[in-house]
Every structure is written in structure tokens, then in C-alpha cells.
Amino acid sequence: MIKLLAQGLLLRLAAYIALGLGLWLIFRGFWVDNFLLAVLGGVLVLGGMWLMVLGRRAAVRMSQAKVPSAEGESPSDTVNRSGQGS
């Protein structure tokens, strides 16, 4: 569980860094008329979004791993868990 938590946090941190660097490179690319910097910034922004999705998937896997299903629980009433419908 700790491994999944650390993996999700590190992936999100890397995603924020990639997004920030990508946006800065896009800005610099347009500011100094360097097309390649702008393209590299765009690629970094897309890569940062991909890393963000991977980090979110790691968090979802962690939440699914730690929530065991109860045996006697009835799925018919999810509000008060009394087992009776309306």
C-alpha cells in the first residue's frame, strides 16, 4: 500500500513538473520565435497529462486494494445500509 501511495505521489509530482516546464517552454518558444522550443513544450505538456493519469490510476488501485467487501452487506440500500429497499 505504501508503494502504491509513493508511486502515485511521485507520478503526480513528475506530472506537475512536466506541465510547468512544458508551459514555460511554450511561452519561451513564442517569446523568442523558436518553433522547436514551443513544440518541445507541447510534447512535455502532453507527457505531463499522461503522467497525471498514471498517478491517478495508481491512487485508484490503492483505494480498491484497501477496501474489502463485507460479506453480509446488501447492495439494495446504499444510504442507511438497513437492507430494505424504499
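These figures come from a predicted structure and were not determined experimentally.

Colleague: Please clarify how the environment of L37 should be interpreted in this entry.
Modeller: Its place among the elements puts L37 in helix α2 (residues 35-66). For the pair L37 and L25, spaced 12 residues apart in sequence, the C-alpha separation works out to 5.7 Å. Setting aside its immediate chain neighbours within four residues, L37 contacts L25, I26, R28 and G29.

Colleague: Can you walk me through unusual backbone geometry in this structure?
Modeller: A negative phi holds for most residues other than glycine; trans holds for most peptide bonds. Phi at D33 is positive, roughly 55 degrees, even though this residue is not glycine. Inspection of the secondary structure assignment puts D33 in the loop between α1 (2-31) and α2.

Colleague: How should I be thinking about a nonpolar patch on the surface in this particular structure?
Modeller: Taken together, L21, W24, F27, W31 and V32 make up a surface patch of nonpolar side chains, about 580 Å² in accessible area. Assignment of secondary structure puts L21 in helix α1. Given the relative accessible area of 40%, L21 is considered partly exposed.

Parameters and conventions
Residues numbered from 1 in each chain as written. Predicted model: local features only at pLDDT ≥ 70, side-chain atom pairs only at ≥ 80, totals over all residues. Heavy atoms only, no water. Helix = DSSP H or I, 4+ residues; strand = E, 2+ residues; numbered from the N terminus. Contact = heavy atoms within 4.5 Å. Patch = residues over 30% accessible without salt bridge, like charges linked within 9 Å, V, L, I, M, F, W, Y side chains within 5 Å. Areas by Shrake-Rupley, 256 points an atom, 1.4 Å probe, with all protein chains shown as cover. Salt bridge = Lys/Arg side-chain N within 4 Å of Asp/Glu carboxyl O. Buried < 20%, exposed > 50% of the residue type's maximum accessible area, 1.4 Å probe, protein only.

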